[in-house]
Amino acid sequence: MEDSKAFKPPLKKFILATTKQTDRAHQDVANEISIAHATAGLFAVEVASWDDIRGDLSVHLDLLKIHYPDLDWSGVSPEHEAELNYAAQLLKQYEPTRA
């Protein structure tokens with residue numbers, strides 16, 4: 001994480017994503033670092049456990065469709081399908097340009 005302090009442009013948030021279950025002790029350490037960073041004008045630190053990631057994916061079908069395009073989406077309602085397509089179009093604007 002020390003190297004992240006020198007990123008240009010500077011980070012606003014550092015997220016440690018893990019497949020481990022939610023761990024209060026890890027979150028407490030991240031919170032302590034965030035407090036110290038705030039006083040130094042640095043980025044916040046968060047821990048995203050697999051439980052958090054799974055929860056986010058379960059309510060953001062657009063992310064599921066983007067990251068799992070090979071799944072059968074035929075059971076998705078037309079309303080959700082329109083939302084998924086719209087979100088995918090928005091996200092394409094932010095994809096890095098490949099040389």
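Since we're looking at a predicted model, the values are computed, not measured.

Asker: Give me the overall build of the chain: which residues, what numbers.
Answerer: Looking only at helices and strands, the chain has four helices and two strands in total. Secondary structure elements of the chain occur, N-terminal to C-terminal, as β-α-β-α-α-α. In the chain, which comprises 99 residues, the proportion classed as buried is 17%. Put simply, of all contacts in the chain between residues at least 6 apart along the chain, 57% involve residues at least 24 apart. Carbon and sulfur atoms form 57% of the exposed surface of the chain, whose accessible area is close to 8,000 Å².

Asker: How would you sum up the layout of surface pockets? Please name residues and give values.
Answerer: Of the volumes computed, that of the largest pocket is approximately 220 Å³. What lines the largest pocket is a set of 17 residues, and nearest its centre among them are Leu16, His26, Gln27, Ala30 and Val47. Taken together, the residues of the lining of the largest pocket break down into eight nonpolar, six polar and three charged.

Asker: Tell me about helix H1 (residues 24-40), residues and numbers included.
Answerer: When the terminal C-alpha atoms of H1 are compared, their 24 Å separation across 17 residues agrees well with the 24 Å that a helix rising 1.5 Å per residue should span. Looking at the buried residues of H1, the elements they touch are strand E2 (44-48). Backbone nitrogen of alanine 25 and a side-chain oxygen of the N-cap are separated by 2.8 Å at the start of H1; the cap is aspartate 23. Just past H1, the residue glycine 41 takes up positive phi, approximately 75°.

Asker: Go over the pattern of salt bridges, please, and point to the residues and values.
Answerer: Here the structure, examined in full by the defined rule, presents three salt bridges. The shortest N-O distance in the salt bridge between glutamate 2 and lysine 5 comes to 2.9 Å. Judged by relative accessible area, glutamate 2 falls into the exposed class, the value being 56%. The partly exposed category is assigned to lysine 5, whose relative accessible area is 33%. Two residues, glutamate 46 and lysine 13, come together in a salt bridge whose shortest N-O distance is 3.2 Å. Taken as a pair, glutamate 46 in strand E2 and lysine 13 in strand E1 (residues 13-17) lie far apart in primary sequence, 33 residues in all. A relative accessible area of 32% places glutamate 46 in the partly exposed class.

Asker: A description of the pairing of E2 should follow, citing residues and the corresponding values.
Answerer: Looking along a regular strand, one sees the side chains alternate between the two faces of the sheet. Taken together, the five bridges between E1 and E2 define a ladder with parallel strand orientation. Within E2, the residue paired with isoleucine 15 across the bridge is glutamate 46. After leaving E1, the chain enters H1 and then returns to the sheet as E2, a path that is right-handed.

Calculation criteria
- Residues numbered from 1 in each chain as written.
- Predicted model: local features only at pLDDT ≥ 70, side-chain atom pairs only at ≥ 80, totals over all residues.
- Heavy atoms only, no water.
- Helix = DSSP H or I, 4+ residues; strand = E, 2+ residues; numbered from the N terminus.
- Buried < 20%, exposed > 50% of the residue type's maximum accessible area, 1.4 Å probe, protein only.
- Contact = heavy atoms within 4.5 Å.
- Areas by Shrake-Rupley, 256 points an atom, 1.4 Å probe, with all protein chains shown as cover.
- 1 Å grid on protein atoms, 1.4 Å probe; cavity = no way out; pocket = protein on both sides within 12 Å on 5 of 7 lines; lining within 4 Å.
- Points joined across faces, edges and corners; volume = space filled by probe spheres on them.
- Nonpolar A, V, L, I, M, F, W, Y, C, P; charged D, E, K, R; others polar.
- Expected span 1.5 Å × (residues − 1).
- Polar contact = N/O pair within 3.5 Å; in protein donor to acceptor, adjacent residues only side chain to side chain.
- Salt bridge = Lys/Arg side-chain N within 4 Å of Asp/Glu carboxyl O.
- Pairing = 2+ DSSP bridges.
- Right-handed = clockwise from strand over helix to strand, strands pointing away.

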